[in-house]
Amino acid sequence: MDARVSELFGSGNGHGSGSQGVASNGKQGNGYGLAPKKACGKNSKKSKARFARNFKPSNNTPYLPPEAEEGNIEYKLKLVNPTQYRFEHLATQMKWRLQEGRGEAVYQIGVEDNGMLVGLSEEDMRTSLKTLHKLAEKVGADIAVLRESEVEYDSDVPRMIAEVLIRKVPDDQQFLDLRVAVLGNVDSGKSTLLGVLTQGELDNGRGRARLNLFRHLHEIQTGRTSSISFEILGFNSKGEVVNYSESRTAEEICESASKMITFIDLAGHHKYLKTTIFGLTSYCPDFAMLVVSANTGIAGTTREHLGLAMALKVPIFIVISKVDLCTRATVERTVRQLERVLKQPGCNKVPMVVSNTDDAVTAAQQFAQSPNITPIFTLSSVSGESLELLKVFFNIIPPLSNSKEQEELMQQLTEFQVDEIYTVPEVGTVVGGTLYSGICREGDHLVVGPTDSGQFHKLSVGSIQRNRSACRVLRAGQAATLALGNFDRSLLRKGMVMVSPEMDPTICWMFEAEIVLLFHAKTFHKGFQVTVHIGNVRQTATVEAVYGKEELRTGEKAVVLFKFIKHPEYLKVGAKVLFREGVTKGIGHVTKLQPIAQYRPSQSEDDEA
């Protein structure tokens with residue numbers, strides 16, 4: 001058996017569910033749901049007999065996990081000259097897999113339903129890929145072969161397996177959008193790396209690539225990010241990079257991309273920690289990319305950023321930058337240092353160093369399936385070394401939520417969380433944030449609040465933009481900016497929500513949370529003041545009571561009653577809580593709310609909306 005195949009796909013011991021042969025691949029489906037697979041009697045037995053003459057499974061036969069009915073991964077033994085009925089059926093099946101993966105699916109060719117890696121002859125593989133291409137054309141998708149591997153058994157004929165990415169051609173702005181928070185110590189090369197990825201030009205070694213990302217003059221002068229900036233990297237339906245290298249506008253990138261990676265560039269310096277925490281809690285990133293400089297290793301805020309991502313349960317992968325400045329021995333020392341930290345009892349991560357394209361493909365798939373896998377890339381933004389591997393990883397990485405969860409969220413009432421507020425000439429007041437549930441369209445009437453007195457103001461949504469290009473419909477989980485016309489900006493603040501008028505939001509001054517004190521120099525007790533982060537809410541709160549204990553020390557748990565100091569907030573039970581004050585830090589979740597008077601739209605400003 002080929003050792004590389006064993007490494008890539010893992011060896012199983014067993015005989016999973018599902019029957020052998022091509023004939024058993026017939027699922028009954030209508031594009032929305034599929035019945036379980038059934039063996040097709042005689043045909044199945046015949047194909048088994050034919051297959052048995054060429055191949056004898058041994059104890060060390062490599063296996064993938066058995067094919068799941070749900071999800072976007074499909075196993076196919078071969079697709080050679082299907083009948084018209086079978087072709088239509090396969091097309092319906094492909095639509096279902098694409099729907100499950102929100103526009104992306106992965107086909108494993110040469111693999112049985114039970115996960116056995118059988119492989120195909122060169123001729124059969126070529127014909128199967130041609131059939132797959134025709135199927136993709138029919139459903140409005142493109143295919144890209146991710147990798148091909150040879151499976152060596154005891155037979156004389158070499159057998160191939162192929163892994164193919166199927167991706168929908170974009171239509172009506174509904175590209176797949178993944179958010180990646182970029183973390184790391186100051187001067188680790190975060191903004192430079194993003195500049196190289198999104199602009200398509202290597203850095204000159206003196207920070208030229210990052211200049212396009214900075215928003216303020218002092219950032220350009222110091223070279224340090226102090227605010228949250230957003231950058232986009234697109235991939236088209238064939239898996240090719242779409243960025244600013246061909247002087248495209250953001251709108252053109254959105255039009256030609258089927259998949260978009262939105263990078264949230266966060267500050268590395270300790271004095272901007274509150275901005276970094278706000279970016280992590282408020283923008284709900286799908287993944288976090290921790291950038292570590294090869295020549296300094298784990299320094300400054302690196303551990304703190306790693307801890308924050310883990311506390312908020314954001315899957316994290318690591319990029320070791322600036323390898324062009326170091327010897328190979330220094331880079332390896334930094335990798336070993338990171339591996340030690342990741343394997344510690346507090347982390348319990350499984351580091352996976354990515355050194356070639358096959359590793360990058362495997363890392364992307366395993367990273368999404370298991371929260372403990374932590375891919376590690378070593379690259380240079382100046383020489384471009386291993387930069388392609390990171391692009392392969394971004395191209396393949398699937399979304400964490402499936403289409404079913406997305407549908408459920410979209411059926412709920414509209415809730416948009418306000419993270420940024422701007423005034424744009426000739427447009428008026430604009431708010432940026434994330435739509436947590438429901439659907440938002442141009443012209444929708446919503447209410448925004450809570451105000452200092454716990455009330456809500458009426459408003460109507462003008463235009464909507466996603467990634468700097470116009471968008472008519474916003475769906476749950478998507479980030480966007482909404483134009484509110486002449487709505488008075490002074491009535492808005494970060495941490496507010498815009499919700500459907502039918503919703504009855506719970507507004508509270510006080511809430512209970514079950515917390516763990518991560519670190520405290522002395523003791524934590526009633527009367528203590530901390531800055532509380534809950535989603536897009538960031539406000540100072542007083543500890544009103546610590547239930548069952550007089551005081552808390554580092555590592556201890558308790559239920560605590562908090563009271564906001566400035567104004568009431570909209571909260572939900574179960575929301576993650578992160579609080580800090582100086583060196584004091586703690587995490588937990590909201591367990592109970594003490595709501596103020598029931599929701600009442602304010603009469604003032606009603607006519608302005």
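What counts, and where the lines are drawn
- Residue positions within a chain follow its written sequence, with the count starting from 1.
- Given that the model is predicted, a residue must reach a pLDDT of at least 70 before its local features are reported, and side-chain atom pairs must reach 80 or more before they are shown or counted; all residues, however, enter totals for whole chains, interfaces and linings.
- Side-chain metrics in this entry use all non-hydrogen atoms of the structure; hydrogen atoms and water are not considered.
- Buried means the residue's accessible area, taken with a 1.4 Å probe over protein chains only, is under 20% of the maximum for its type, while exposed means over 50%, and partly exposed covers the values in between.
- For the purposes of this entry, the term helix denotes a DSSP run of H or I that reaches at least four residues, the term strand denotes a run of E that reaches at least two, and both are numbered from the N terminus.
- DSSP-based pairing: two strands are paired if at least 2 bridges between them are found.
- Salt bridge, as applied in this entry: a Lys or Arg side-chain nitrogen positioned within 4 Å of an Asp or Glu carboxyl oxygen.
- Every axis corresponds to a line fitted to the C-alpha atoms, with the helix fit spanning only the stretch in contact, and the corresponding angles, defined between N-to-C directions, vary from 0 to 180 degrees.
- Handedness of each helix crossing follows the sense of rotation of the near helix against the far helix: counterclockwise by less than a right angle gives left-handed, clockwise gives right-handed.
- Residue contacts are counted whenever heavy atoms from the two residues lie within 4.5 Å of one another.
- Ten residue types, Ala, Val, Leu, Ile, Met, Phe, Trp, Tyr, Cys and Pro, are classed as nonpolar, four, Asp, Glu, Lys and Arg, as charged, and the remainder, Gly among them, as polar.

Turning our eyes to something else, we now look at the pairing of strand β16 (residues 445-449). Extensive coverage of β16 is indicated by the burial of 4 of its 5 residues. Sheet analysis places β16 next to strand β17 (residues 457-460), joined by 4 bridges and oriented antiparallel. Residue pairing in the sheet places Leu446 in a bridge with Leu459 of β17. Here β16 pairs with strand β22 (residues 497-499) via 3 bridges, running antiparallel. Within β22, the position partnered with Gly449 by the bridge is Val497.

Close approach of charged atoms allows side chains with opposite charge to pair. Scanning the entire structure with this criterion turns up 18 salt bridges. The partner of Glu123 in a salt bridge is Arg126, with the nearest N and O atoms 2.7 Å apart. Placement of the pair is Glu123 and Arg126 together in helix α4 (residues 122-138), with a separation of 3 residues, close to one helical turn. Judged by relative accessible area, which is 47%, Glu123 ranks as partly exposed. Of the residues examined, Arg126 reaches a relative accessible area of 47% and is grouped as partly exposed. With a shortest N-O distance of 3.1 Å, Lys585 and Glu304 are connected by a salt bridge. Highlighted residues: Lys585 in strand β31 (residues 584-595) and Glu304 in helix α9 (residues 302-311), separated in sequence by 281 residues. Judged by relative accessible area, which is 21%, Lys585 ranks as partly exposed. One network of salt bridges, with partners in common, ties together Glu67, Glu74, Lys76 and Arg97.

Our focus in this paragraph is the packing of helix α11 (residues 357-369) against helix α12 (residues 387-396). Contact pair α11 / α12: the axes reach a minimum separation of 9 Å and the direction vectors enclose 35 degrees. Between α11 and α12 the crossing geometry is right-handed. Between α11 and α12, the residues in contact are Thr357, Ala360, Val361, Ala363, Ala364, Gln365 and Phe367 and Leu389, Val392, Phe393 and Ile396, respectively. Of the residues assigned to the contact of α11 with α12, the class counts are 9 nonpolar, 2 polar and no charged.

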